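Working through the structure, step by step
Listed below, chain by chain, are the residues.
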Amino acid sequence: MKINTALSALALTALAVFAAPGAAQAAAPSPASSASASMAAPDGNLWAWDGINRGGVYCYWAGDDSDWTTCSGSSNNGTMRNRASSLENRGYAGSYDDVNLYWTTGYGGAKNCLPNGHYLNNLSGIYFLWDGNSGQGESMNNNISSHRWTNGCPV
């Protein structure tokens, strides 16, 4: 339990490196720095692109989605399952403004949380948490299948 808690805190600390724009950022040990891209204005959606740096086709969702083969808005006929390489949480601040991202459909398998107002330009260096579920420790790049809005990322 202590190891899982420590690893969860470490993973979330790594996500915290990708703070909101304008915040001082420490050098990250992974290639998934937030580069010079700035956050877009909140629009209430989770955004995903199949390329790094918001490149390629995209999908966005205002609510939960148990299967990323569909999305609310898209540039690619509505599928992003196991394709996302960059993410942005443009949710409105308040309750249920963070997003849990899951390894499998139906909110299953390993997960990780994207805090409100955070942008990850390259998921290659970001991993699912070691939580005893399938997909734990795997790269999040091209491996997200569902998401659910949550009332806070664990710390």
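Predicted model only: the values in this text are computed from it and were never measured. Along every chain, residues carry numbers that run from 1 in the direction the sequence is written. With pLDDT at 70 or above as the cut-off, local features in this predicted model cover only qualifying residues; side-chain atom pairs require 80 or more to be listed or tallied, and sums for whole chains, interfaces and linings still use all residues. Excluded from the side-chain calculation are hydrogens and water; included are all heavy atoms of the structure.

1. Focus on the state of the cysteines
By convention in this document, the label disulfide applies to cysteine sulfur atom pairs within 2.5 Å. All chains considered together, the criterion is met by two disulfides. Shown here is the disulfide that connects cysteine 59 with cysteine 71, its sulfur atoms set 2.3 Å apart. Taking the sign of the S-S torsion, -55 degrees for the link of cysteine 59 and cysteine 71, the bridge is left-handed. Taken together, the residues span a long stretch of sequence, with cysteine 59 in strand S2 (residues 58–61) and cysteine 71 in the loop between S2 and strand S3 (73–74) at a distance of twelve residues. Side by side, cysteine 59 and cysteine 71 carry an identical accessibility label, which is buried. Here cysteine 113 is linked by a disulfide to cysteine 153, with a sulfur-sulfur distance of 1.9 Å. Judged by the torsion about the S-S bond (-75 degrees), the cysteine 113/cysteine 153 disulfide is left-handed. Taken together, the residues span a long stretch of sequence, with cysteine 113 in strand S6 (residues 108–114) and cysteine 153 in the segment after strand S8 (146–150) at a distance of 40 residues. Grouping residues by exposure puts cysteine 113 and cysteine 153 together as buried. Each disulfide of the chain joins two cysteines, and with those cysteines numbered along the sequence the arrangement is 1-2, 3-4. In DSSP terms, a helix is any run of H or I states spanning at least four residues, a strand is any run of E spanning at least two, and both are numbered starting from the N terminus. Exposed residues in this analysis have more than 50% of their type's maximum accessible area, buried residues have under 20%, and partly exposed residues fall in between, with area computed by a 1.4 Å probe over protein chains only.

2. Some details on the environment of glycine 132
Relative to the helices and strands, glycine 132 resides in the loop between strand S7 (119–120) and S8. Residues glycine 132 and alanine 110 lie 22 residues apart in sequence; the distance between their C-alpha atoms is 7.4 Å.

3. Digging into the environment of isoleucine 52
Relative to the assigned elements, isoleucine 52 resides in the loop between strand S1 (45–49) and S2. Isoleucine 52 sits 89 residues away from asparagine 141 along the chain, and the two C-alpha atoms are 9.6 Å apart. For isoleucine 52, the residues in contact, after removing those within four places along its chain, are Ser85, Ser86, Asn121 and Asn122. By definition, residues are in contact when any of their heavy atoms lie within 4.5 Å.

4. A few points about the packing of aromatic side chains
Aromatic rings from Phe, Tyr and Trp, taking only the six-membered ring of Trp, are treated as a pair when their centres fall within 6.5 Å; an angle between ring planes under 30 degrees marks them as stacked, one over 60 as edge-to-face, and anything in between as tilted. By the definition in use, this model includes seven aromatic pairs. Ring centres 5.8 Å apart and planes at 20 degrees place the aromatic pair tryptophan 47 and tryptophan 49 in the stacked group. Here the two residues tryptophan 47 and tryptophan 49 agree in accessibility, since each one is buried. Over a ring means this: the NZ of a Lys or the CZ of an Arg is within 6 Å of the ring centre and within 35 degrees of the ring normal. Seen from the ring of tryptophan 47, arginine 90 lies directly overhead, with NZ or CZ sitting 4.3 Å from the centre.

5. Section: the pairing of S6
With respect to burial, S6 is a largely interior element, six of its seven residues being buried. The turn linking strand S5 (residues 98–104) back onto S6 is made up of three residues, and glycine 106 within it adopts a positive phi angle of 70 degrees. For two strands to be treated as a pair, DSSP must find at least two bridges joining them.

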